[in-house]
Amino acid sequence: MSNPEHSLGVTPPISTALPTDAEKRQTDALFKELRAQGTFESQAETEKRWAVLADLQRITDEFVKRAAQESEPHNSILIRDARGRIFTYGSFRLGVYGPGSDIDTLVVVPKYVTVKQYFDIFPKLLEEMAPPGAITDLTPVPEAFVPIIKFEYSGISIDLIFCSIQSLRQLPDDKEWNLNNNNLLRGLSENEVRSLNGTRVTDEILALVPEEKTFKLALRAIKLWAQRRAIYANIMGYPGGVAWAMLVARVCQLYPKATSAVVVRKFFTIMLNWPWPLPVLLKNIEYNQSITRVAVWNPKIYPSDRNHKMPIITPSYPSMCATHNVGRSSMAVIQQELERGVQIAEEIMLGKRPWKDLFEKHTFFTNGFKFYLTVISSGRTKEAQNTWSGFVESRVRVLVQKLELHPSIALARPFNKGYDRVHRCKTDTQVEEIQTGNLSYMVKPTDTATNGNAKDESKVEVKAEIKKADGVAPDSAVPTVKEEPNDVVHLGTVPLKPEETPVKPEAKDEDDGKVKLADIPEKELEIEIYTTNHYIGLQLVEKAKSLDLSREVDDFKAMCTSNDIFKAELMGLTIQHVRNFDLPDDVFEPGETKPTKPVKKKKRMAEGDPANGPMAKRQQMATAPPTIKSEQ
């Protein structure tokens, strides 16, 4: 699909030059590398996705009919014409999904269908109308900002959000009907507008690029690069999928005739030199509309909008900033990665390097930092941990913002993914050990797969629990965190209920020689604990001598545990320090080198040696690494 470039973008193109043969060859090489990297799925897998979406459309129509019957049981015409629509957004709608990707999906219904009916009726219909066993991990989340039901349908992960159009008594019986009309937003709340805007923004992006095919291949490359370099996650303060898509789309507008390889190369150059906080826009922002009360991004009016460091603005009304989470540290990291991208992409286009060099994995754990903080959320049940860990994850960037204000911290970089593990233990004391990062009771991956507690890593961005680094003894040459007993928000003291001892029948003579019930050992009660770790790399300012993080840690814990989500009897939260050489093996892939602890050189000095005098000792103290303190 081709769009006339004269109508695209807020500025004229930089170049409309046609591609050279060399640029075409580099695009072919990029396509082959992306295939080799496994970013494309098979035709059969894609057809399966469309079949699932067709089933969801059928279930949605039945859902709306049942809602109509419940709302107006005597209105036969309303029931007869009742219908809903399934829309997609995100990577699937953009056409850049890969093996194991989920499908971001939206259910749109008429005004008489309520959120309550969505959660009461739809989950039951899924299990009733889907093939036997097709629906797994069904999780309605009514308390979410946007109403959502999460589940897997025939192994495909689905996030299904909901919106009732208040301006429509019935949805049109037109397969070409879409959500692009701004008037559909009338009467909707902010969360309902956000529900619709996922699809509206995605459709607008596709409509604003000169060549969809060029855009999609370039976006696949940039997405893979951002994921490999660990700068892809809106919730952790990095651009998310939509933001990266808008950046690539803007470059396509500036070079409408370029090949995908050229777009990728220009992407790094343009974005590295972009004059932030000048916003990236795909079209002019629509102001002076009175359709919805949801605020349109406007730094001239709203102080919070003026604080956005890297504003990337959605094209659909009401325009919003897709990167409001980006902070000082994450922006610095993005700039570093763009610099690296410029150097490699230039050499690739000159034929000096292969495309695979651009997609090398990050060095966050192998060569990133000397000091880390790890935020450990824990839960006694899988359901409790899913809720709690998701909430804590959404607040990690708040901790990062507080750390950035500390005078001794130059940069606080959160890793873009969490690490999950399941543990089994037998006492409350062991539970507390697990809370603070002890992995002695961790279930092996093979055991986890057997009991069904392991996440399928092909369906979610890779997550794996990390070990807690054992406390490092205070030493002038080694930064340490002083750990106090009250540095832990405990899971609670839920008493362990021992298994009831069965009544044992009296032994009789004729039972001699037979296995007696008393001889059978009773099975010990096991407690399952679920943990999620998030790591923050700390880069200290030059000559930093100490780092007291107790206030930042305490404030973060108080913020999280004061929320209604927190249940002391089920959930826990701790924050630990980790040195790079204490990082667990779980975070390293085969072939990666784990940092090692520096070996101290011991020298014997004569009593009269000047190197052992008071002046030398003061110099040693002045150059010693800082002590990191984070106790309450």
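These notes cover the structure that comes with them. (Residues numbered from 1 in each chain as written. Predicted model: local features only at pLDDT ≥ 70, side-chain atom pairs only at ≥ 80, totals over all residues. Heavy atoms only, no water.)

Looking now at the overall build of the chain. Counting secondary structure elements, the chain contains 16 helices and 13 strands. By sequence separation, contacts in the chain at least 24 residues apart represent 76% of the contacts at least 6 residues apart. Of the accessible surface of the chain, which amounts to about 31100 Å², a share of 51% is contributed by carbon and sulfur atoms. (Helix = DSSP H or I, 4+ residues; strand = E, 2+ residues; numbered from the N terminus. Contact = heavy atoms within 4.5 Å. Areas by Shrake-Rupley, 256 points an atom, 1.4 Å probe, with all protein chains shown as cover.)

Moving on, we come to the layout of surface pockets. Each pocket or cavity is described by its volume, and for the second largest pocket that value is around 790 Å³. The wall of the second largest pocket is formed by 29 residues, among which R85, I86, F87, K175 and W177 lie closest to the centre. When contributions to the lining of the second largest pocket are tallied by element, the ones reaching two or more residues are α2 (43–71), β1 (85–89), α4 (90–94), α6 (190–207) and α7 (212–228). In terms of residue count, the dominant contributor to the lining of the second largest pocket is α2 (five residues). Per-class residue counts for the lining of the second largest pocket are eleven nonpolar, seven polar and eleven charged. (1 Å grid on protein atoms, 1.4 Å probe; cavity = no way out; pocket = protein on both sides within 12 Å on 5 of 7 lines; lining within 4 Å. Points joined across faces, edges and corners; volume = space filled by probe spheres on them. Nonpolar A, V, L, I, M, F, W, Y, C, P; charged D, E, K, R; others polar.)

Moving on, we come to the nonpolar core. Counting 104 residues, the largest nonpolar core has F215, W225, W244, F267, F268, F365 and L538 as its most contacted members. Tallying contributions element by element places helix α8 (residues 241–254) first for this core, with ten residues. The residues contacting F268, other than those within four sequence positions of it, are I222, W225, L338, G341, V342, A345 and L358. Counting 36 residues, the second largest nonpolar core, distinct from the first, contains F92, V109, F151 and I158. (Core = buried A, V, L, I, M, F, W, Y, C linked by side-chain atoms within 4.5 Å. Buried < 20%, exposed > 50% of the residue type's maximum accessible area, 1.4 Å probe, protein only.)

Attention now goes to the pattern of salt bridges. One pass over the full model with this rule turns up 22 salt bridges. Between D586 and R421 there is a salt bridge, with the nearest N and O atoms lying 3.2 Å from each other. Highlighted residues: D586 in the loop between β12 (571–579) and α16 (614–623) and R421 in strand β8 (residues 419–425), separated in sequence by 165 residues. Judged by relative accessible area, R421 falls into the buried class, the value being 18%. Connected through salt bridges with shared partners, the residues E62, R66 and E128 form a single ionic network. (Salt bridge = Lys/Arg side-chain N within 4 Å of Asp/Glu carboxyl O.)

It is the contact of helix α1 (residues 21–36) with helix α9 (residues 260–272), at a shortest axis distance of 7 Å, that shows an interaxial angle of 85°. As far as their axial angle goes, α9 and α1 are roughly perpendicular. Residues E23, Q26, T27 and L30 of α1 touch α9, and the partners they reach there are S260, A261, V262 and V264. (Axes fitted to C-alpha atoms, helices over the stretch in contact; angles between N-to-C directions. Parallel < 35°, antiparallel > 145°, perpendicular 65-115°, else oblique.)

A separate point is the packing of helix α12 (residues 382–404) against helix α15 (residues 550–561). Following both chains from N to C, one finds α12 and α15 inclined at 150°, their axes separated by 10 Å at the closest point. Taken together, the axes of α12 and α15 are roughly antiparallel relative to one another. Viewed along their axes, α12 and α15 form a crossing whose handedness is right-handed. The segment α12 lies against α15, with W388, F391, V392, R395, V396, V398, L399, K402 and L403 engaging E552, D555, F556, M559, C560 and T561. Tallied by class, the residues present in the contact of α12 with α15 amount to ten nonpolar, one polar and four charged. (Left-handed = near helix turned anticlockwise from the far one by under 90°.)

Another point: the packing of aromatic side chains. According to the stated counting rule, one finds 28 aromatic pairs in the structure shown. Centre to centre, the rings of W225 and F268 are 4.9 Å apart; their planes meet at 85°, and the pair counts as edge-to-face. Here W225 is found in helix α7, whereas its partner F268 is found in helix α9, with 43 residues between them in sequence. Of the two residues, W225 and F268, neither departs from the other in class, the shared state being buried. Measuring from centroid to centroid gives 5.7 Å for F415 and Y419, while their planes differ by 25°, and the two rings are stacked. Owing to a relative accessible area of 5%, F415 belongs among the buried residues under this scheme. In this structure Y419 comes out as buried when scored by relative accessible area, which is 8%. Here the aromatic residues F364, F365, F369, Y372, F415, Y419 and Y535 are joined through ring pairs into a cluster of three or more. One Lys or Arg, R35, reaches over the ring of F40 and ends 4.6 Å from the middle of that ring. Between the NZ or CZ atom of R220 and the centre of the ring of F40, over which it lies, the distance is 4.1 Å. (Phe/Tyr/Trp six-rings, centres within 6.5 Å; stacked < 30°, edge-to-face > 60°. Lys NZ or Arg CZ within 6 Å of the ring centre and 35° of its normal.)

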